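Working through the structure, step by step
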Number of protein chains: 2
Amino acid sequence: MPKISNKGTSMPESPIRKLVPFAENAKKSGKKVYHLNIGQPDIKTPEVALNAIHDFSDQVVEYSHSAGFESYRNGLAKYYNNLGIDVNSNDIIVTTGGSEALLFALNSCLDSGDEIIIPEPFYANYNGFSTSAGVVIKPIATTIDNGFALPEIEEFEKLITPKTKAILICNPGNPTGYLYSKEELETLRDIVLKHDLFLIADEVYREFAYDGHVHHSVLNIEGLEQNSIVIDSTSKRYSMCGIRVGCVVSKNSEFMATAMKFAQARLSPPTFGQIAGEAALQTSKSYFDEVSAEYVNRRDVLVAGLNKIEGVICPKPKGAFYAIAQLPVDNADKFAQWLLEDFDLNGETIMVAPAAGFYSTPNTGTNQVRIAYVLNIDALKSSIRILDEALKVYPGKK
Amino acid sequence: MPKISNKGTSMPESPIRKLVPFAENAKKSGKKVYHLNIGQPDIKTPEVALNAIHDFSDQVVEYSHSAGFESYRNGLAKYYNNLGIDVNSNDIIVTTGGSEALLFALNSCLDSGDEIIIPEPFYANYNGFSTSAGVVIKPIATTIDNGFALPEIEEFEKLITPKTKAILICNPGNPTGYLYSKEELETLRDIVLKHDLFLIADEVYREFAYDGHVHHSVLNIEGLEQNSIVIDSTSKRYSMCGIRVGCVVSKNSEFMATAMKFAQARLSPPTFGQIAGEAALQTSKSYFDEVSAEYVNRRDVLVAGLNKIEGVICPKPKGAFYAIAQLPVDNADKFAQWLLEDFDLNGETIMVAPAAGFYSTPNTGTNQVRIAYVLNIDALKSSIRILDEALKVYPGKK
C-alpha cells in the first residue's frame, strides 16, 4: 500500500470537523441547531450579480485570461481607486476565492521551511494553506483582555529569524473581529521594512467596519508599496461565498509577475464567478448600508447578551461578523460537543466553533469559542438564551 | 525590497507565453492568426448545462460542501458506473478544475523533494503544479518514432529511487494524443505495485478515443484499487473550460481522507460550475457522437495534410485533440515566432505551441510543435496551407 505524504498526514482538519457528526445526529434526533459556527451569511446576494449570471448568452464557456477578465480587473481597479487605493489593473490578479490568492502569495514569497508570523487567534485555514506551501507559522499571541490588539513591536522582533519572510494579518479579523488602527499598521510597516519582509493582509471583510471606524488598507500605508500584498474576496462582501472569486493585489511588479506564473498553471478563475463579481461592482451603497446596519444590530444584541451571562467575556468587535467569547467551562471542545449531543432548550441547541482551532500555540484558547453572527436577530436571541441555560447545567462548568 | 521565493523564481512559464506578444502584434498589424496553440475547443457547451445556470433561483450563492454537492457526486458516481468503473460518491471529491485535483493528489502523495515519474512530452502545467508542491519531476522519454508509446519497464526501473512516490500519466495524452492500451496500463500496475507507488492518471480526455479504440481507466485495472488516482475535468468533455470544475477519484480511503483536508482548507468548489457539471451529466449520447465525429474528421484532415508536407512527420493520435508534429526546421521556437512576426499567406498566419515546453529534458523536442485541432475543417485546411508555404521560405529550414 503506497504511503500518504507527511504533508498530507500533518494537514490540519477544520476546527469544527469533529463536531459535524454530532450536529448531524442532533438534527436526525429532531433538534433544531442554530449554526453560529461558520461564516456563511444569510444576507441576500445582490440582484445585479445574479441577473448577470441569468443573462449569460455565450454558447461556449471558454477559459478566461489567467489574470481574470480585463473588464473585471479594470472594474476592480476602479473599486479600489474609489476607496482611495491607488492601483491599476496590472496590480490585480483575479483568483479562485481569497483561498487561492493566499496560496499564490505564500508560494511566491516563501519557500518550504520559511517562516511566517501571524497574530493568533487566526483564521484556521491559514494552517492548511501554510502546510500546503510547506511554510512554518510562527504565531504571535494576542489576548482577549485587550480585545486582541496588535502585540508590541518587541514581541515581533523576538520571533524574527533569517527564515522569516512575511507577516500575515487579517483585517478586520476572523475570528476576532479586530480592526487594526492606522498606527498599528504603521508599526507593522516599520517591522517589515527593517527586516525586508512581505506584509500580507487578508482584507476580505474590508466593508465590515462599524461605529464609524475606518478600515485602513496596507496598500495605503506610505512606504509599504513594495512590501504589501492584499488578499481579497467577493464571498462576504456580496454574500456570494459559492462563486469562488477573489483577487490578489500588490504594487510590487516582481511579486505580481511571480503570482501570475502560478495563475497561468491553473489556467483561469471561474467564468461565472467573474461575471457575478464584475456585475456586483455596481451594487448600490444602500445595499452595504443595510447590511452594515444589520450586522451592527446583530453584534450589539450578541455581545450585550453574551456579557450578561455570568462568567462570559466577549469583547465588542469593530469589524467582520465574528466574536470570540470566553466561557466559564473546562474545555470549549467538550462543551461544544455536549451542546449538540446532550443539551437542548425546547428542542433547540447551538453549534459554536471551539476557538482552540484558531490558535496554533497548544493549549491556548481552550475556554473560548468563535461565534459568527450570520443569523438574524431572533435566531441570535434564541441562541443566547440556549447558551445561558446550557451553562447553568453543563457538568464541566467552572 | 523583500525577496521572491526560490519556488516562485523557478516556477516555469507557459510554453507559449513568450509568443503571446508576437501574436498580439501580428493581430494589430492586421494579420489573421489561426490559434492551433491552445486547447480551447470551439464546440458548443451542451444547452442542458447552460440552461441549468440560467435557471438558478436561490437568493444566496452559498458555499457548497467541500467535497462538492452530494447530488453531483452521486451523479458522477453513476457516470463512472455507466463506464464500468465501480466507484461511489465517497470516492469522489469535486475540485476547481482538473488543476486542483492534480494539486490535491500531489500534495497528498508527495512531500517536498519527492520524485514523480512522468512520460515526456507531457502537459506543460505539470511542471507548474510540481513546483508548487515542491515535487521533482523525473521525465521518462517517449518518442515520435513509435507514436509516443509507453517505454519499456526497464526504463522505469532505472528511474525509481527511494524518493519516487508516484507515476503520472495523461490518457489520452496531451500533447501527444496517445491512448494507452490495457497491456500498457497493466505494465504500469506491475511497476507501481512492486515499488508501492501511486499511479495518478489524468483522464480528462477520456471521451475522446477514436477509431473504435477503447479508453481504459486506471480505476479499472485489477489490483490497482489502492494505488490508482484519477484526475478528471468537465472542461473538455462538455467544452466548458471556464466553469472550472473537475474531480479527483480514488478507492484508497486514506488518500481520499487526506485530499479532503486540502479540499476543506479552500472551502468549496465553484457553485455555478457544479450546477453546470451536474446538468451536463444529462448530455445526450448524440452530442458526444457528433463531437467525436467532428474531431476525427479534423484529425484526419490535419494528419494527412501535415504528412503530405515534405519533411513533416505527424503520428496519427488515437485520442484527445492534439498532435505532435516534427518539422524540418532548425528550432520550433524560432519558427513559431517567425510565423507570427515575419510571415503571412494572403494576410493569414498560424500560431503553434513549440513542443520543447512539453519536455522537461533540455534540448528535446526542439524541432516539434503541438497542434490542437480545435478549429473547424476550413480553418485547419487554411492552416496546413499556411504551414506548407511557410516552410518553403523559412530561412531556418533544414
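Residues numbered from 1 in each chain as written. Chains lettered and ligands numbered in written order. Predicted model: local features only at pLDDT ≥ 70, side-chain atom pairs only at ≥ 80, totals over all residues. Heavy atoms only, no water.

Quick notes on the packing of helix H12 (residues 332-341) of chain A against helix H13 (residues 377-393) of chain A
Residues and elements named next belong to chain A. As a reminder of what qualifies: Geometry is summarised by axes, namely lines fitted to C-alpha atoms with helices restricted to the contacting stretch, and by angles between N-to-C directions that run from 0 to 180 degrees. Counting from the N terminus, the helices are the DSSP runs of H or I reaching at least four residues and the strands are the DSSP runs of E reaching at least two. To sort the angles, those under 35 degrees are grouped as roughly parallel, those over 145 as roughly antiparallel, those from 65 to 115 as roughly perpendicular, and the leftovers as oblique. Any two residues having at least one pair of non-hydrogen atoms within 4.5 Å are treated as being in contact. The nonpolar class holds Ala, Val, Leu, Ile, Met, Phe, Trp, Tyr, Cys and Pro. Asp, Glu, Lys and Arg form the charged class, and all remaining residues, Gly among them, are polar.
Where H12 meets H13, the closest approach of the two axes is 11 Å, and the angle between their N-to-C directions is 105°. Accordingly, the angle class assigned to the pair H12 and H13 is roughly perpendicular. From H12, Phe335, Trp338 and Leu339 reach across to H13, where they touch Leu387, Ala390, Leu391 and Val393. Here the contact of H12 with H13 is built from residues that sort into 7 nonpolar, no polar and no charged.

Here's the deal with the relation of the copies chain A and chain B
For clarity, the threshold we go by: The copies were overlaid with a least-squares fit restricted to C-alpha atoms from residues scoring a pLDDT of at least 70 in each copy.
Placing chain A over chain B gives an RMSD of 0.0 Å and needs a rotation angle of 180°, together with 0.0 Å of translation along the axis. Expressed as a symmetry operation, the mapping of one chain copy onto the other fits a two-fold axis. The rotation axis passes nearest to the C-alpha of His54 of chain A in chain A, at a distance of 2.3 Å. When the interface residues of chain A are mapped onto chain B, 100% of them again fall at the interface, so both copies present the same face.

Structural notes on the interface of chain A and chain B
The figure often quoted for interface size is the accessible area lost as the parts come together. Spelled out, the test is: A quick way to say it: buried area is the sum, across both parts, of accessible area lost when two parts are put together, with a 1.4 Å probe. By salt bridge we mean one thing: a side-chain nitrogen of Lys or Arg within 4 Å of a carboxyl oxygen of Asp or Glu. Counted as a polar contact is a pair of N or O atoms within 3.5 Å, where, for protein atoms, one must be capable of donating a hydrogen and the other of accepting one, and residues adjacent in sequence contribute only when both atoms are in side chains.
Across the contact, 73 residues belong to chain A and 73 residues belong to chain B. Here chain A meets chain B over a buried area of about 6,100 Å², counting both sides, of which 56% is carbon and sulfur. Seen at the junction of chain A and chain B, the total is 0 salt bridges. Here chain A and chain B share 42 residue pairs in polar contact (both at pLDDT 80 or more) between them. Ranked by residue count, the leading element in the side of chain A that touches chain B is helix H9 (residues 253-265) of chain A, at 7 residues. Of the residues contributing to the side of chain A that touches chain B, the split by class is 30 nonpolar, 28 polar and 15 charged.

Comments concerning the environment of Thr366 of chain A
All names here are of chain A. Note the threshold: We call a residue buried when its accessible area falls under 20% of the maximum for its residue type, exposed when it is over 50%, and partly exposed in between, using a 1.4 Å probe and counting protein chains only.
Mapped onto the elements of the fold, Thr366 is located in the loop between strand E11 (353-354) and strand E12 (368-372). Exposure remark for Thr366: the relative accessible area of 31% places this residue in the partly exposed category. Along the backbone, Thr366 and Leu327 are 39 residues apart, and their C-alpha atoms lie at a distance of 9.4 Å. Residues within four places of Thr366 in sequence aside, it is in contact with Asn331, Ala332 and Ala356.

Quick notes on the pattern of salt bridges
All names here are of chain A. Tallied over the full model, the rule gives 38 salt bridges over all chains. The salt bridge partner of Arg237 is Glu207, with a shortest N-O separation of 2.7 Å. With Arg237 in the loop between strand E7 (228-233) and strand E8 (246-250) and Glu207 in the loop between strand E6 (198-202) and E7, this pair connects stretches of sequence that are 30 residues apart. A residue is classified by how much of its surface remains accessible, and Arg237, at 4% relative accessible area, is buried.

Quick notes on the nonpolar core
Stated formally: In plain words, nonpolar cores are sets of buried Ala, Val, Leu, Ile, Met, Phe, Trp, Tyr and Cys residues tied together by side-chain atoms within 4.5 Å.
Ranked by internal contacts, the top residues of the largest apolar core, which has 216 residues, are Ile167, Phe272 and Phe335 of chain A together with Ile167, Phe272 and Phe335 of chain B. Counting residues in each nonpolar core, the second largest holds 72 residues, with Cys170 of chain A together with Ile118, Ile200 and Ala259 of chain B among its members.

Describing the sheet that holds strand E3 (residues 115-120) of chain A
Residue and element names in this part refer to chain A. Note the cut-off: By this definition, two strands are paired if DSSP reports at least two bridges between them.
Overall, mixed pairing links the 7 strands, which are arranged E2-E8-E7-E6-E5-E3-E4 in an open sheet. Each edge of the sheet is formed by a strand with only one pairing partner; in this case those strands are strand E2 (92-95) and strand E4 (136-141). Adjacent strand axes in the sheet meet at a mean angle of 25° when their direction is disregarded. The strands touched by helix H4 (residues 70-82) within the sheet are E2, E7 and E8, with E2 carrying the most contacts at an inclination of about 115°.

Thoughts on the sheet that holds E12 of chain A
Residue and element names in this part refer to chain A. With antiparallel pairing, 3 strands are arranged side by side in an open sheet as E9-E12-E11. Of all the strands in the sheet, the pair left with one neighbour each is strand E9 (322-326) and E11. Alignment of E9 against E12, held across 5 bridges, turns out to be antiparallel. For Ala323, the partnering residue across the bridge sits in E12 and is Ile371.

Observations concerning the domain arrangement of chain A
Residues and elements named next belong to chain A. Cut-off, in case you're wondering: Segmentation into domains, and thus their bounds, comes from an automatic or database assignment.
The domain boundaries assigned to chain A delineate domain 1 (6-44 + 286-393) and domain 2 (47-280). For domain 1 and domain 2, the distance between their C-alpha centres works out to 25 Å. Contact with domain 1, which involves 37 residues of that partner, is made by 34 residues of domain 2. Both sides together, the interface formed by domain 1 and domain 2 hides about 2,900 Å², and carbon and sulfur atoms give 62% of it. Taken together, the connections running from domain 1 to domain 2 amount to 1 salt bridge.

Observations regarding unusual backbone geometry
Cis rather than trans, the peptide bond between Asn174 of chain A and Pro175 of chain A has omega equal to 20°. Locating Pro175 of chain A in the fold gives a position in the loop between strand E5 (164-170) and helix H8 (182-195). Note the cis peptide between Asn171 of chain B and Pro172 of chain B, where omega equals -5°. Position of Pro172 of chain B among the secondary structure elements: in the loop between strand E5 (164-170) and helix H8 (182-195). Phi is positive for Phe148 of chain B, which is not a glycine, with a value near 75°.

Here's the deal with the packing of aromatic side chains
A ring pair, where both rings are aromatic, is described by two values, the distance of the centres and the angle of the planes. Residues and elements named next belong to chain A. The line we're drawing: Pairing of aromatic side chains here covers Phe, Tyr and the six-membered ring of Trp, requires ring centres within 6.5 Å, and sorts the geometry by plane angle: under 30 degrees stacked, over 60 edge-to-face, intermediate tilted.
Taken as a whole and judged by the stated rule, the model has 43 aromatic pairs over all chains. Between Phe208 and Phe321, the aromatic rings sit 5.4 Å apart at their centres with planes inclined by 75°, giving edge-to-face as the arrangement. Here Phe208, found in the loop between E6 and E7, pairs with Phe321, found in the loop between helix H11 (285-308) and E9; they are 113 residues apart in sequence, far enough to count as distant. Looking at Phe208, the relative accessible area reads 3%, which means it is buried.

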